[in-house]
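Chain residues, written in single-letter form:
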Amino acid sequence: MINLQDIRQKLKDIKEQVEQRVTHPYLTQFIQTPIIDEDKLLLLISIMDQLDLPYSQLKNYAVTTMLIQIALDTHETVSNSPVTESEKNSRISRQLTVLAGDYYSGLYYKLLAETSDISLIKILAHGIKEVNEHKISVYQKEYDGIENLMTSIKLIESSLANKIVDYFQVTIWDEVAANFLFVKRLLFEKKQYNQKGNSLVFEGLKKIVFPKNGSKLSDLSNEQSRYLMHICDRYIEFSKNIIEDGIKQLPGISQVLKDRILMILHQHQPIAKSFVEEG
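Along each chain, numbering runs from 1 in the same order as the chain's sequence is written. Thresholds applied to this predicted model are a pLDDT of at least 70 for local features of residues and 80 or more for the giving and counting of side-chain atom pairs; totals over whole chains, interfaces and linings are not thresholded and use all residues. Values shown for side chains rest on all heavy atoms present in the structure; no hydrogens or waters enter the calculation.

S.K.: Explain the overall build of the chain to me, and be specific about the residues and the numbers.
M.R.: When its secondary structure is counted, the chain shows 11 helices and 0 strands. Put simply, DSSP marks the helices as runs of H or I at least four residues long and the strands as runs of E at least two long, and each gets a number from the N terminus on. Beginning at the N terminus, the succession of helices and strands in the chain can be written as α-α-α-α-α-α-α-α-α-α-α. Considering the chain as a whole, with its 279 residues, one finds that 46% of them fall into the buried category. Of the accessible surface of the chain, which amounts to about 14600 Å², a share of 51% is contributed by carbon and sulfur atoms. Only protein chains enter the accessibility calculation, which uses a 1.4 Å probe. A residue is then buried if its area is under 20% of the maximum for its type, exposed if over 50%, and partly exposed in between. With residues, only the protein chains shown are counted as cover, and all accessible areas are computed by Shrake-Rupley using a 1.4 Å probe.

Shown next, in the form of structure tokens:
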């Protein structure tokens, strides 16, 4: 079992390494500095820290995987809405966002090429392909049923982490990693829907559950909205049970990661429970 200070220091150091690599003085004039998902980074570090890897190797794998994640996340922020001639700065920002995503991808390939780790390059490239395929499916609403939609969301969130799990053959981490990241994403989507009236996941659920309803997501009736929330909660609850059982099978899990997972799980309040409390 690694001590708390050790893993916190590794998280801090590796995050700083990622930040240094993605910070470009020209790009930051036009686009936001990319957000580093600390939970995904902590998960990667926790998985690899049990493998007795040299720290330099662990750091390299974690940095390169996070660069891929940032590249994928950056490309996802590019809007497809038309830009008028008067919105020149918006057009520049959009173009630079695309280039930034490509730039981060290039950094990843450069780092892995320096290590000559061809097998890892191949497995992470497969992860990139998997994420992109499922993003296309979700954004273009090319899914057949709720289960396919949720499977795509889970793979978008967890493919890279699970490719690292597969590479190091520590499959005991598969279910915990995938379901933790899945629950975190669904909680984010619920928050988006509740606070802003929009959500990629809830748009998908609406299309599947109410295919003849042409109104906006934010215009659904309270009953319809509650039904979609109930569906989302069922998936969260199912994954939550898998995570709680899975953690018990991971005696080497870092306490820092365990505490973070439990904190995320405790954020979940089923819609049925919240209605009872409100009443």
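Still more ground to cover, so stick around.
S.K.: Tell me about the nonpolar core, and please be specific about residues and values.
M.R.: In summary, soluble globular proteins display a tendency toward joint burial of nonpolar side chains. Residues belong to a common nonpolar core when they are buried Ala, Val, Leu, Ile, Met, Phe, Trp, Tyr or Cys residues joined through side-chain atoms within 4.5 Å. One finds Trp173 and Ile261 to be the most contacted residues of the largest nonpolar core, which totals 71 residues. The contact criterion used throughout is that any non-hydrogen atoms of two residues lie within 4.5 Å. In contact with Ile261, other than residues within four places in its own chain, are Val176, Phe180, Ile243, Ile247 and Ile253.

S.K.: Break down the pattern of salt bridges for me, with residues and values.
M.R.: Criterion for a salt bridge: a side-chain nitrogen of Lys or Arg within 4 Å of a carboxyl oxygen of Asp or Glu. Counted according to the given criterion, the structure contains 13 salt bridges. Taking the shortest distance from any N to any O, the salt bridge between Asp39 and Lys184 comes out at 2.7 Å. Highlighted residues: Asp39 in helix H2 (residues 38-48) and Lys184 in helix H7 (residues 174-196), separated in sequence by 145 residues. Glu133 serves as the salt-bridge partner of Lys129, at 2.6 Å between the closest nitrogen and oxygen. Highlighted residues: Lys129 and Glu133, both in helix H5 (residues 118-139), separated by 4 residues, approximately one helical turn. Look at Lys129 and you get partly exposed, because its relative accessible area is 48%. Residue classification places Glu133 among the partly exposed positions, given a relative accessible area of 42%. Connected via shared salt-bridge partners are Asp37, Asp39, Lys184 and Arg260.

S.K.: I'd love a proper account of helix H8 (residues 200-209), names of residues and values included.
M.R.: Each α-helix winds once per 3.6 residues, and so residues spaced three or four apart point in a common direction. All buried positions along H8 are accounted for by Val201, Phe202, Gly204, Leu205 and Lys206. Residues of H8 that are buried make contact with helix H6 (146-167), H7 and helix H9 (222-248). Counting of polar contacts relies on pairs of N or O atoms within 3.5 Å, with two restrictions inside protein: one atom must be capable of donating a hydrogen and the other of accepting it, and residues adjacent in sequence are counted only when both atoms are side-chain atoms. The N-cap residue of H8 is Ser199: its side-chain oxygen and the backbone nitrogen of Val201 are 3.3 Å apart.

S.K.: Let's hear about H7: which residues, and what values?
M.R.: The end-to-end C-alpha distance of H7 is 33 Å, a good match for the 33 Å that 23 residues give at a rise of 1.5 Å each. In the segment just after H7, Gly197 is the residue with positive phi, at about 75°. Helix span is expected to be 1.5 Å times the residue number reduced by one.

S.K.: Describe the packing of aromatic side chains, and please don't skip the residues or the numbers.
M.R.: Within 6.5 Å between ring centres, the rings of Phe, Tyr and Trp (the latter by its six-membered ring) count as paired, and their orientation is classed by plane angle as stacked under 30 degrees, edge-to-face over 60, tilted in between. All told, the structure shown has 5 aromatic pairs when counted by the stated rule. For the pair Tyr167 and Phe168, a centre-to-centre distance of 4.9 Å together with 80° between the ring planes defines the contact as edge-to-face. Here Tyr167 falls in the partly exposed class, since its relative accessible area comes to 24%. Residue Phe168 is classed as buried on the basis of its relative accessible area, which comes to 18%. Here the aromatic cluster, defined as three or more aromatic residues joined through ring pairs, consists of Tyr61, Tyr167 and Phe168.

S.K.: Got a sec to walk through the environment of Tyr61? Specific residues and values, please.
M.R.: Considering the arrangement of structural elements, one finds Tyr61 in helix H3 (residues 55-76). A relative accessible area of 4% places Tyr61 in the buried class. Through-space distance from the C-alpha of Tyr61 to that of Ile45 is 9.2 Å; in sequence the pair is 16 residues apart. In this view, Tyr61 contacts Met48, Leu53, Asp117, Leu120, Tyr167 and Phe168; residues no more than four positions away in its chain are not counted.

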